[in-house]
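Commentary on secondary and tertiary structure
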Amino acid sequence: MPLLWIRHARVIDPATGRDAEGDLFVRDGRMVASLAPAERKRARQIDARGLVAAPGLVDLHVHFREPGQTRKETIGSGTRAAAVGGFTTVVCMPNTTPPADNAGTIQFIHDAIRRDAVVKVLPTGCITLGQKGEALAPIGSLKRAGVVAITDDGDCVQSNELMRRALEYAKMFDLPIMDHCQDRSMTVGSVMNEGVISTRLGLRGWPHAAEDLIVARNVILSSYTGAHIHLQHLTSKASVEIVRRAKADGIRITAEATPHHLALTEDALGTYDTHFKMNPPLRTEADRQALVAGLRDGTIDCIATDHAPHTPDEKDREFDHAPNGILGLETALPVVLGVLMRRHRFTLARVVDLMTRRPATLLGLEAGSLAPGAPADICLFDPEESWRYEAKSGASKSRNSPWDGQMLQGRVAFTIVDGRTVFRRGHIVGD
Amino acid sequence: MPWNRKHLLTIEELSLEEIAQIHATAAAFKKILGRSVKKVPVLRGKTIVNLFLEPSTRTRMAFDMAAKRLSADVIAFDAASSSTTKGETLRDTAQNIQALNADMIVIRHAASGSPLYLSKILTIPVINAGDGAHEHPTQGLLDTFTMQEHLGSLRGRKVVILGDILFSRVARSNIHALVKMGAAVTLVGPSTLVPGWFTAMGVAVSHDLKSALADAEVVMLLRIQHERQRESHFPSIGEYTSMFGLNQARASWLNPRAIIMHPGPINRGVEIDSDLADGARSVILEQVTNGIAVRMAVLYLCAGYQPEQVIASTR
């Protein structure tokens, strides 16, 4: 009977409102209120003095590239990056090769998870066949195969009629739709935010209006169908305002923001560094401020990384030709602590909430809580420790991070999944 | 201050003094263009590779000629028959060129920022011959050189750039040069092709041709591309010409001693009437000639010479 006793931690559990010095107890992979004195003698102990004990972090938006793009990442390497970052549950996107638009591919992903994953991975399936936006994928079969949501990922469904039917159909299975909000016709060839800087750099602009249009469309369709739409990686001030009003009207809209859109702006693009190229793009300081305000007042529900590995040679290209996306899992916690806690004075408990209970609740996952009976998914971290992040020494197969080589503050010490320590002070356990 | 720049990537990063150094060097080289023996031996034994990954006639020929006037060996890189069509990356192509012992690389590329990218990879000088919609520094330098020949100092001079500004690297390089040199620049064209964001670069934006051209001392026209019509930036070439084309009547709004410029290639009868393009106020062909002298200056300086050496070099 595996027992674990985490001692002298600062326990932060937003799900139970706990934020105090104390101990955590685990029996058979689940949280328990206490262990009997005899059990305590046998329990493995972790001295967590100086560490925060939080629920394992939850990320609703990662790309693990398996099947088909395993030069960039695999479920094995991606979940190791997650463990390094303190994440115990991640939701992976279906833009694999082939796309996860059928139960067989989902089964393949489940097999890889069972074989290679060190944290919990929950797959999503496509909305449309091949993410082509033309015909519905077998959404019922995908649900039966175990997807937790459907999304066409970067290939936002452009047809309003198709999106409406997908919502109606998915609602039957209580399956949320996640949407990357981008009007294609307005963003042909675009590589960065449209504005003063794209004008100066001579790069094709991606106007925030192209996001706002689809956000508004989704609000309207969610209202009309009653289906839950989760808006991925919001970036624009106007979009935040649309979501704020929709929520006030009781519409079933939720939203996420990424660490990079919270921490960075388009000002970083002056030297055409492809490590700042992602879709949706970095926007202006006013947009960044609006995202922070949206997280503060609950308009934006949670943080999600959009962890998007690409190999060094893929990113080492002309700016126009480099793929979109950056790594996120290993740097998310320190980056978010830096922006929200240190810069914008969010409480530590609030930051933890945005990365644990909130995303878990949003998809109804059994995660994000340290309450007795919950799975013993725990992240122990030192919010103050400074360390240098070196992407090449990271667990991901790729290195495409804008924080490569930088000092970060806040470091994960232990990642525990179902009571098993999978990451301990710089090392994946068992590797 | 001595010239210590190895690459020429943008005008944005040049100081006013550096622009003046290039112009002064170009003026010295221009003198030898009229001689019967037009060559000087300063780059003898050096190899310059013209890596043109996008079509170009004028710029490529001018760089070719400039290099030959300086006695360099020139190798033209033909994109159509090269390994880039087999999927070789720009990094590999450029590193191979460097490994072939080229001394300098002149690059034209459709992707903005690629000369900067190459400059970080290579140890040899990189000269930007036009990158996407970003910059075309030698064009901006030759245009301002030509303006100065006609107007003297550009401080306070009213310069109008008219046409497809949004997609124009020529416009951006001219804007940076002209603003540094103190000119009063107004960009004119349809609102879809001249967004207000340009004002952040220190210029005025107008969509009213008459008020913009009033008393202007330079009007620079940019080529209108049919592709922009397909992208719905304007309704038709005919409408563009009727709203923004330069004709005799509109040219009468200009300052009497105004010059008319165009980086080429010209769409006659679209952005400019033929009689104006060929008329007395047109300096379009002077621009081409000056393009050789300016590029000689750029190659000379980036090869490591100092501006004050040019007199001895051309003796």
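Cut-offs used in this document
- Residues numbered from 1 in each chain as written.
- Chains lettered and ligands numbered in written order.
- Predicted model: local features only at pLDDT ≥ 70, side-chain atom pairs only at ≥ 80, totals over all residues.
- Helix = DSSP H or I, 4+ residues; strand = E, 2+ residues; numbered from the N terminus.
- Rg over C-alpha atoms; globule rule 2.2 N^0.38 Å.
- Buried ≥ 20, exposed ≤ 12 C-beta atoms within 10 Å, placed from the backbone.
- Contact = placed C-beta atoms within 7 Å.
- Core = buried A, V, L, I, M, F, W, Y, C linked by C-beta atoms within 7 Å.
- Domains from an automatic or database assignment.
- Pairing = 2+ DSSP bridges.
- Axes fitted to C-alpha atoms, helices over the stretch in contact; angles between N-to-C directions.
- Nonpolar A, V, L, I, M, F, W, Y, C, P; charged D, E, K, R; others polar.
- Arc of directions from axis to C-beta.
- Parallel < 35°, antiparallel > 145°, perpendicular 65-115°, else oblique.
- Left-handed = near helix turned anticlockwise from the far one by under 90°.

**Structural notes on the overall build of chain B**
- Within chain B one finds 13 helices and nine strands.
- For a compact globule of 315 residues, the expected C-alpha radius of gyration is about 20 Å, and chain B comes in at 19 Å, within 12% of that figure.
- Each of the three principal axes of chain B carries a C-alpha extent, and together these read 55 × 45 × 35 Å.
- Looking at the 315 residues of chain B, the share that counts as buried comes to 49%.
- In chain B, the proportion of contacts linking residues at least 24 apart, taken out of those at least 6 apart, comes to 75%.

**What about the nonpolar core?**
- Counting 122 residues, the largest nonpolar core has L24, A53, V119, I150, I177, V336 and L380 of chain A as the members making the most contacts within it.
- Counting contributing residues per domain, this core is built from domain 1 (3-52 + 375-428) and domain 2 (55-363) of chain A, each supplying no fewer than three.
- Those residues within four positions of V336 of chain A in sequence are excluded, and the remaining contacts are P259, L262, I303, V351 and M355 of chain A.
- Within the second largest apolar cluster, 111 residues are counted, among which are I97, A177, L221 and I284 of chain B.

**A closer look at the sheet that holds strand β3 (residues 104-109) of chain B**
Residue and element names in this part refer to chain B.
- The four strands are arranged β2-β1-β3-β4 in an open sheet whose pairing can be described as parallel. Where the open sheet ends on each side, the last strands, each with one partner, are β2 (73-78) and β4 (126-131). Adjacent strand axes in the sheet meet at a mean angle of 15°, parallel and antiparallel pairs treated alike.
- Sheet analysis places strand β1 (residues 47-52) next to β3, joined by five bridges and oriented parallel.

**Considerations on the domain arrangement of chain B**
Residues and elements named next belong to chain B.
- According to the domain assignment, chain B consists of domain 1 (16-136 + 291-314) and domain 2 (137-287).
- On the domain 2 side, the residues contacting the 19 residues of domain 1 number 19 residues.
- Going through the elements one at a time, α1 (16-33), β4 and α12 (284-302) are the ones with two or more residues in the side of domain 1 that touches domain 2.
- The element best represented in the side of domain 1 that touches domain 2 is α1, accounting for five residues.
- A class-by-class count of the residues in the side of domain 1 that touches domain 2 yields eight nonpolar, seven polar and four charged.

**Let's talk about helix α3 (residues 90-99) of chain B**
All names here are of chain B.
- Here α3 has its buried residues at L90, T93, A94 and I97. All buried residues of α3 project into a common sector of 95° when viewed along the axis, lining one side. Residues of α3 that are exposed and angled more than 90 degrees away from the buried face: N96 and A99.
- In this fold, the buried residues of α3 make contact with β1, β3 and α4 (114-121).
- Two residues or fewer after α3 comes N101, characterised by a positive phi angle close to 70°.

**With respect to the domain arrangement of chain A**
All names here are of chain A.
- Looking at the assigned domains, one finds that chain A contains domain 1 (3-52 + 375-428) and domain 2 (55-363).
- A separation of 26 Å is found between the C-alpha centroids of domain 1 and domain 2.
- Listed by partner, the interface residues are 34 residues for domain 1 and 43 residues for domain 2.
- Elements supplying a minimum of two residues to the side of domain 1 that touches domain 2: β1 (3-13), β15 (378-388), β16 (407-417) and β17 (420-424).
- Per element, the largest residue contribution to the side of domain 1 that touches domain 2 is eight residues, and it comes from β16.
- Along the lines of polarity and charge, the residues of the side of domain 1 that touches domain 2 split into 20 nonpolar, eight polar and six charged.

**Describing the packing of helix α2 (residues 58-69) of chain B against α12 of chain B**
Residue and element names in this part refer to chain B.
- At a closest axis distance of 8 Å, the pairing of α2 and α12 adopts a crossing angle of 55°. Considering their axes alone, α2 and α12 lie oblique with respect to each other. Remark: the crossing between α2 and α12 carries right-handed chirality. Taking contact as the criterion, the partners of R58, A62, F63, M65, A66, A67 and R69 in α2 are, on α12, V288, G291, I292, R295, M296 and L299.
- Grouping the amino acids of the contact of α2 with α12 by side-chain chemistry returns nine nonpolar, one polar and three charged.

**A few points about the pairing of strand β8 (residues 218-221) of chain B**
Residues and elements named next belong to chain B.
- Side chains V218 and M220 project from β8 onto one buried face, and the interleaved V219 and L221 project onto a second face that is buried too.
- Here strand β5 (residues 158-162) runs beside β8; their pairing, made up of four bridges, is parallel. Residue pairing for β8: L162 is matched across the bridge by L221.
- Sheet topology note: the β8/strand β9 (residues 259-261) ladder contains three bridges and is parallel. Bridging across to β9, V219 finds its partner in I260.

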